[in-house]
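# Fold and contact review
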Amino acid sequence: MPVFEYAPAPESRAVVDIAPSYGLFIDGEFREAGDGKFFKTLSPSSEEVLSEVAQANAEDVDRAVKAARKAFESWSALPGAERAKYLFRIARIIQERSRELAVLESLDNGKPIRESRDADLPLVAAHFFYYAGWADKLAYAGYGADPKPLGVAGQVIPWNFPLLMLAWKIAPALATGNTVVLKPAETTPLSALFFADICRRAGLPKGVVNIVTGDGSTGAELVAHPGIDKVAFTGSTEVGKAIARTVAGTKKKVTLELGGKAANIVFDDAPIDQAVEGIISGIFFNQGHVCCAGSRLLVQESVQDELLDALKRRMRTLRVGDPLDKNTDIGAINSAEQLARIRELADAGEAEGAERWAPECELPSSGYWFAPTLFTGVTQAHRIAREEIFGPVLSVLTFRTPDEAVAKANNTPYGLSAGIWTEKGSRILSMASKLRAGVIWSNTFNKFDPASPFGGYKESGYGREGGRHGLEAYLNV
């Protein structure tokens, strides 16, 4: 077959203006950290320093929480229709600045511009539009005739979808009348700080949204603060457990969206080419930096060879490189620390006897990169089948019967998502009823909608975000 080469098609960096340094956004204004400390945020594709960002300490967190508490009095008293106007304005400004925000997200996170432009930003705006619609209809959400907000929400978000996770948390919190103190991940703080400017442009009252940047110690101070009424966290299971221990015995309401080790199950009657595209999307979207990534491929033995041949052909076409190039399929790994974690687990897979395969691809000389990788001969005892890798690494296991597929899929401490590929609707329904996963896709993968709830079981956390269900976490019910 002919090989088509793609000429570079870079998106312009000129559309985004990154300041040399950023302070904390507290009570509607940017201000320096109390002790004047800063940390650097890097572009993972080049290791270039993008900006310096304030490191919040306990006093800064306290100021932010007090500002949010003060703003809560008037914000919660507003009619829902008035709160909705602010959310609509925020959504419209996000749409207007979507190109700028997409470039910023790709620079700070390392994800391909196609994904930040075509997936992240449309979903960010959609979440604010969606919850703006709920703001004056809370009496019809099923949580009582006059549900009340909780108060001040402390929200800690991860680095894999910085702006989207911000939208998942801030939009329902504001719609229900709560105020917010949000801490973005230390490796991807810039889009949250740009969002602070969007709040000001939308005329959002001071103190309703506060953003404190910093490392894990800042997040720990926020979670433990006695003025917080609600904690929302997306991130690793290890940190989620620590948060659960911190809030135990308090009156704080908590939602945790944690790790995953999703099974993507392909039966012998599945459309192979369609399934291959779903597998590629399931594990290589956002470099595999996805909590619900389909990192375990369970394929029926009778079609294993055919499927793997097609999958390897498709993997050879994936383009790894500059996140701002519109042709790029797989961007940079977010940090040196995460790259080391991926390498360590991939090496463990080889050491334990699994067969490693990756297509030939030239990786850039600077930045953090890992080629899309496939492991066959994987057993349930292998670490790559049990531990969350959070990178572009796929483990392939086989099964003979639906019951064996269910047993292997559920043999994990996680329970966030799963995928089923078959032409039989009855088999989809039967499998879905037996899989212990919060989100189950059939003949597709990684599809999201603001009206659909998302969350997991077991060590994948508890509570739901998105949809009508996402309102409950921010209401006193």
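Residues numbered from 1 in each chain as written. Predicted model: local features only at pLDDT ≥ 70, side-chain atom pairs only at ≥ 80, totals over all residues. Heavy atoms only, no water.

Taken as a whole and assessed by the stated rule, the structure comprises 31 salt bridges. Close ionic contact of lysine 148 with aspartate 146 constitutes a salt bridge, the shortest N to O distance being 2.9 Å. Residue aspartate 146 is classed as exposed on the basis of its relative accessible area, which comes to 53%. Arginine 383 is paired through a salt bridge with glutamate 344; the nearest N and O atoms lie 2.8 Å apart. Of this pair, arginine 383 sits in helix H12 (residues 383–386) while glutamate 344 sits in helix H11 (residues 336–351); the two residues are 39 residues apart in sequence, bridging distant segments of the chain. Through salt bridges with shared partners, a single ionic network connects Glu29, Arg97, Glu100, Asp197, Arg200, Arg201 and Lys206. (Salt bridge = Lys/Arg side-chain N within 4 Å of Asp/Glu carboxyl O. Buried < 20%, exposed > 50% of the residue type's maximum accessible area, 1.4 Å probe, protein only. Helix = DSSP H or I, 4+ residues; strand = E, 2+ residues; numbered from the N terminus.)

The next thing to look at is the packing of aromatic side chains. Given two aromatic rings, one states the distance between the centres and the angle between the planes to describe the pair. Counted according to the given criterion, the structure contains 14 aromatic pairs. Judged by centre distance (5.2 Å) and plane angle (75 degrees), the ring pair of phenylalanine 267 and phenylalanine 399 falls under edge-to-face. Residue phenylalanine 267 is located in the loop between strand E11 (263–266) and helix H9 (272–284), and its partner phenylalanine 399 is located in strand E15 (residues 393–399); the two are separated by 132 residues in the primary sequence. The exposure class assigned to phenylalanine 399 is buried, which follows from its relative accessible area of 0%. Members of the aromatic cluster, connected to one another through ring pairs, are Trp168, Trp441, Phe445, Phe448 and Phe454. Positioned over the ring face of tyrosine 6 is arginine 319, at 3.9 Å from the centre of the ring. A cation over an aromatic ring shows up here: arginine 464 above the ring of tyrosine 457, its NZ or CZ 5.3 Å from the ring centre. (Phe/Tyr/Trp six-rings, centres within 6.5 Å; stacked < 30°, edge-to-face > 60°. Lys NZ or Arg CZ within 6 Å of the ring centre and 35° of its normal.)

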